[in-house]
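Topology and contacts: notes
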Amino acid sequence: MRIVLAGIGASRGMVLGRARLVQPSQFIIDETPLEPAEIEAEAARLQQALETAQSELRAIREKLHGALAREIGEFIDAHSMLLNDPELLTGLFDLVRRGRYRAGAALKLQRDRLAAVFEAMDDPYLRSRREDIDHVIGRVQSALARETSPAERQIAARVGTILVSDQIAPAEMTHLTAQGVLAAVCTGSSALSHSAILARSMRLPMIVGAHEALAVVHDDDLLLVDGDQGQVVVHPTAQDLARYRQHQRDAQREGRRLAELALAPTRTRDDCAIRLFANAELAGDVAQARANGADGIGLYRTEFLFLQRHHLPDEEEQFLAYRDLVLGMGGLPVTIRTLDLGADKADATGLALTTEPNPALGMRGVRLSMRRPALFATQMRAILRASAYGPIRILVPMVTNTIEMQATRRLIQICARDLRSEGHEVADQFDLGAMIEVPAAAIALPNLIRHIDFVAIGTNDLVQYTLAADRNNDALSELYDPLHPAILQLLSAIIRCGEKHAKPVSLCGEMASDARYTPLLLALGLTNFSMHSGALLEVRDAVSRCDRSRLRKLAPRLLRAEDRDALRRILAKA
Ligand code: PEP
Ligand code: MG
């Protein structure tokens with residue numbers, strides 16, 4: 001029977017595929033004890049599921065290529081090792097043979113036992129390993145629950161799978177496409193989460209906040225995911241499929257139209273030049289940024305380099321990643337943001353303090369870097385070494401005061417001096433910028449701006465901190481409003497302050513990539529936008545339809561507008 005699930009479209013696109021449920025806690029666990037005659041067959045079923053999980057991991061490993069292969073490979077190897085762990089395996093088969101547990105129940109019990117051991121550990125790094133247990137056991141549970149024949153599984157693999165989960169950790173996102181995942185549906189999460197940001201980067205349609213999904217959807221159900229409408233159709237009808245085919249045709253036509261803009265300059269209707277930069281998290285973003293004519297990288301989120309591994313990347317590893325990024329951009333400016341880890345980003349390195357009571361207000365971004373001077377210096381040395389290969393700008397996240405910027409500039413000077421004396425080539429001069437994402441930094445920008453060379457507005461966080469609405473909590477999505485008058489007034493003040501001091505201002509939060517906001521941002525005076533590279537053409541198209549001088553005249557009225565409707569009415573006059 002056709003069921004429509006409503007959620008929030010976090011990454012656009014329409015996809016047809018088969019469901020794969022990945023939340024171990026949602027599997028129905030049969031707790032009835034085994035009859036003695038069933039024991040060996042159950043042990044064999046468990047063995048089969050373990051082997052399937054191992055071979056899935058091997059298949060992912062083999063398909064990996066490109067710059068991320070090493071990082072993701074390490075992640076997969078760790079899971080593979082865990083699956084082979086004698087303690088885990090002996091425990092599981094003991095539970096089946098001696099305890100008469102069914103395979104699913106044995107997996108659940110073993111997971112709970114190991115999770116308790118990891119959670120009791122003092123070392124935050126070891127404690128964070130608990131997540132791996134969940135992922136590995138979840139994979140075996142999923143293999144166990146798939147009761148389809150190998151032939152059916154092949155067909156399902158051909159249609160592609162749609163992951164249905166409560167949420168997906170950012171570190172998990174990056175290897176979804178290598179697993180043949182076409183789209184993701186989450187019961188929780190939000191469109192501003194880092195996983196959603198990655199999904200947009202990967203052009204992987206994603207629905208978040210589809211609360212009913214795990215209760216309603218079963219493995220191998222046919223799903224139609226509509227990332228534009230924020231809808232999942234379970235068991236779509238012929239009419240839905242016709243709509244899907246029409247969507248494919250329209251998307252292709254629109255894609256061809258936009259492709260013509262790839263090499264066009266970004267200019268408004270009244271011929272004002274606007275600069276569009278790309279945000280980058282993954283190696284593939286660089287190719288797409290160039291293909292879509294980005295003016296450079298406006299934000300490279302280095303934490304993803306850290307999130308995908310189980311050890312801290314050393315100077316050499318970081319240097320190679322930054323150098324490849326700079327070389328990939330062929331002489332265009334690359335803005336590298338220093339580490340923005342915090343307890344809000346699940347972190348495999350164990351660096352973040354996962355037990356902080358208030359992670360979003362805690363030890364994140366530059367605060368964490370300053371608390372760990374050796375770590376900060378390693379990253380800075382790697383960035384400075386990469387500066388020998390092309391223009392680099394350094395961006396500092398979560399800035400609250402001038403002390404943080406002064407300390408960072410001093411660190412740059414010391415690292416540059418040391419590197420030169422060790423014989424490394426380092427650029428003569430660096431632009432140092434601050435992310436303006438804490439209201440205090442936005443309000444006190446006239447003081448801070450003397451200590452920086454450029455400003456990057458991080459609206460994802462600026463909105464959450466100004467409106468006291470968690471960006472990751474979908475229950476607050478109505479309150480989390482980038483068009484709130486307080487936000488527009490802050491944006492306008494930041495842009496004017498940049499103009500007054502002749503320091504470039506860009507906006508690199510998700511707001512910049514939403515073409516519906518382009519006229520408003522132009523009206524407030526923004527000329528530098530940075531967005532995921534998939535949005536560049538659409539925003540260039542939107543810019544070309546705007547008359548900047550007419551829009552600028554509307555700014556005072558827009559800042560007085562009380563709500564969205566009023567904003568719309570004023571903008572309609574441009
Ligand atoms: C922001 O806060 O707007 C931003 C660009 O940074 P992130 O989304 O990585 O927090
Ligand atoms: Mg931020």
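The structure this text deals with has already been given above.
Keep in mind it's a predicted model, so treat the numbers as computed, not measured.

Looking at ligand 1, there are 17 residues lining it, with Arg 301, Arg 337, Gly 458, Asn 460 and Arg 471 nearest. Contacts to ligand 1 include Arg 301, whose side-chain N or O atom sits 2.8 Å from an oxygen atom. Separating an oxygen atom of ligand 1 from a backbone N or O atom of Asn 460 is a distance of 2.8 Å. For ligand 1, whose unbound accessible area comes to 290 Å², protein coverage reaches 100%. Listed by contribution, the elements that provide at least two residues to the shell around ligand 1 are α9 (194–202), β10 (297–301) and α20 (459–467).

Burial of strand β5 (residues 181–186) is extensive: 5 of the 6 residues sit out of reach of the surface. Of the strand pairs in this sheet, strand β4 (residues 161–165) and β5 are connected by 5 bridges, and their pairing is parallel. By the bridge assignment, Thr 161 is partnered in β5 with Val 181. Of the pairings in the sheet, the one linking β5 to strand β6 (residues 206–208) comprises 2 bridges and is parallel in character. Each residue of the ladder has a partner; that of Ala 184, found in β6, is Met 206. Handedness of the crossover joining β5 and β6 through α9 is recorded here as right-handed.

Glancing now at the coordination of the magnesium ion (ligand 2). All of the protein donors around the magnesium ion (ligand 2) are Glu 437 (OE) and Asp 461 (OD); their distances to the metal are 2.1 to 2.2 Å. Of this pair, Glu 437 sits in the loop between β13 (431–436) and α18 (439–443) while Asp 461 sits in helix α20; the two residues are 24 residues apart in sequence, bridging distant segments of the chain. This pair shows no difference in class: Glu 437 is buried, exactly as Asp 461 is.

Take the packing of helix α16 (residues 373–386) against helix α17 (residues 402–421) next. The geometry of α16 relative to α17 is characterised by a closest axis approach of 9 Å and an angle of 60° between their N-to-C directions. As far as their axial angle goes, α17 and α16 are oblique. For the pair α16 and α17, the sense of crossing is right-handed. Contacts between α16 and α17 pair Phe 376, Ala 377, Met 380, Arg 381, Leu 384 and Arg 385 from the former with Thr 408, Leu 411, Ile 412, Cys 415, Ala 416, Asp 418 and Leu 419 from the latter.

Below, the discussion takes up unusual backbone geometry. In this model, Ser 189 sits at a positive phi of 65°, which is unusual for a non-glycine residue. Secondary-structure assignment places Ser 189 in the loop between β5 and α9. For Ser 189, a relative accessible area of 10% gives the class buried.

Okay, the packing of aromatic side chains next. Here the structure, examined in full by the defined rule, presents 2 aromatic pairs. Ring geometry for Tyr 300 against Tyr 322: centres 6.2 Å apart, planes inclined by 80°, an arrangement best described as edge-to-face. One end of the pair, Tyr 300, is in strand β10; the other, Tyr 322, is in helix α14 (residues 315–328), with 22 residues separating them in the sequence. Given a relative accessible area of 0%, Tyr 322 falls into the buried group.

Time to look at the packing of helix α24 (residues 548–560) against helix α25 (residues 564–571). Packed helices, taken two at a time, are described by the angle between their axes plus the distance between the axes. For the pair α24 and α25, the least separation of the axes is 10 Å and the interaxial angle reads 155°. Comparing their axes, α25 and α24 come out roughly antiparallel. Both α24 and α25 take part in a crossing whose hand is right-handed. Note on element contacts: α25 touches α24 through Leu 567, Ile 570 and Leu 571, opposite Leu 551, Leu 554, Arg 557 and Leu 558. Counted by class, the contact of α24 with α25 contains 6 nonpolar, no polar and 1 charged residues.

This paragraph deals with the sheet that holds strand β1 (residues 3–6). Pairing within the open sheet is mixed, and its 8 strands lie in the order β1-β8-β7-β3-β4-β5-β6-β2. This sheet does not close on itself; its edge strands, each paired only once, are β1 and β2 (8–11). Each strand axis lies, on average, 30° off the axis of its neighbour in the sheet, ignoring direction. Where α9 meets the sheet, its contacts fall on β2 and β6, and the angle it forms with β2 comes to roughly 60°. Most of the contacts of helix α11 (residues 238–259) go to strand β3 (residues 14–21), to which it runs at about 125°, and overall it touches β3, β7 (222–226) and β8 (231–234).

Turning next to the sheet that holds β10. Here 8 strands make up a closed barrel; going around it, the order is β9-β10-β11-β12-β13-β14-β15-β16 and the pairing parallel. In this sheet, adjacent strand axes meet at a mean angle of 25° when their direction is disregarded. Two strands pair when backbone bridges link them, and strand β11 (residues 334–337) and strand β12 (residues 392–396) are joined in this way by 4 bridges, in the parallel orientation. Directly across from Thr 335, in β12, lies its bridge partner Arg 393. Sheet strands touched by α17: β12 and β13. Its angle to β13, the strand with the most contacts, is close to 150°.

This next bit is on the side chain of Asn 279. Tracing the backbone shows Asn 279 in strand β9 (residues 275–280). Within the structure, the side chain of Asn 279 is placed 2.6 Å from the side chain of Ser 530, a separation counted as a polar contact. Look past the residues within four positions of Asn 279 in its chain and what remains in contact with it is Asp 285, Leu 299, Arg 301, Cys 508, Ser 530, Met 531, His 532 and Ser 533.

Next up on the list: the side chain of Asn 460. Mapped onto the elements, Asn 460 comes out in helix α20. Taking the relative accessible area as the measure of exposure, Asn 460 reaches 6% and is therefore buried. A distance of 2.8 Å separates a polar side-chain atom of Asn 460 from the backbone nitrogen of Glu 510. Among residues more than four places away in sequence, those in contact with Asn 460 are Leu 192, Ile 197, Arg 301, Arg 471, Tyr 480, Gly 509 and Glu 510.

Among the nonpolar cores identified, the biggest contains 114 residues, and Tyr 322, Leu 384 and Leu 491 are the most heavily contacted of them. Considering every element that reaches this core, the biggest residue donor is α16, with 8 residues. The residues contacting Leu 384, other than those within four sequence positions of it, are Ile 394, Ile 412, Cys 415, Ala 416, Leu 419, Glu 425, Val 426 and Phe 430. By size, the runner-up hydrophobic cluster in this structure holds 26 residues, among which are Leu 88, Leu 95, Leu 114 and Leu 144.

Calculation criteria
- Residues numbered from 1 in each chain as written.
- Chains lettered and ligands numbered in written order.
- Predicted model: local features only at pLDDT ≥ 70, side-chain atom pairs only at ≥ 80, totals over all residues.
- Heavy atoms only, no water.
- Near = heavy atom within 4 Å.
- Polar contact = N/O pair within 3.5 Å; in protein donor to acceptor, adjacent residues only side chain to side chain.
- Areas by Shrake-Rupley, 256 points an atom, 1.4 Å probe, with all protein chains shown as cover.
- Helix = DSSP H or I, 4+ residues; strand = E, 2+ residues; numbered from the N terminus.
- Buried < 20%, exposed > 50% of the residue type's maximum accessible area, 1.4 Å probe, protein only.
- Pairing = 2+ DSSP bridges.
- Right-handed = clockwise from strand over helix to strand, strands pointing away.
- Donors = N, O, S within 2.8 Å, 3.2 Å for Na, K, Ca; no water.
- Axes fitted to C-alpha atoms, helices over the stretch in contact; angles between N-to-C directions.
- Parallel < 35°, antiparallel > 145°, perpendicular 65-115°, else oblique.
- Left-handed = near helix turned anticlockwise from the far one by under 90°.
- Contact = heavy atoms within 4.5 Å.
- Phe/Tyr/Trp six-rings, centres within 6.5 Å; stacked < 30°, edge-to-face > 60°.
- Nonpolar A, V, L, I, M, F, W, Y, C, P; charged D, E, K, R; others polar.
- Core = buried A, V, L, I, M, F, W, Y, C linked by side-chain atoms within 4.5 Å.

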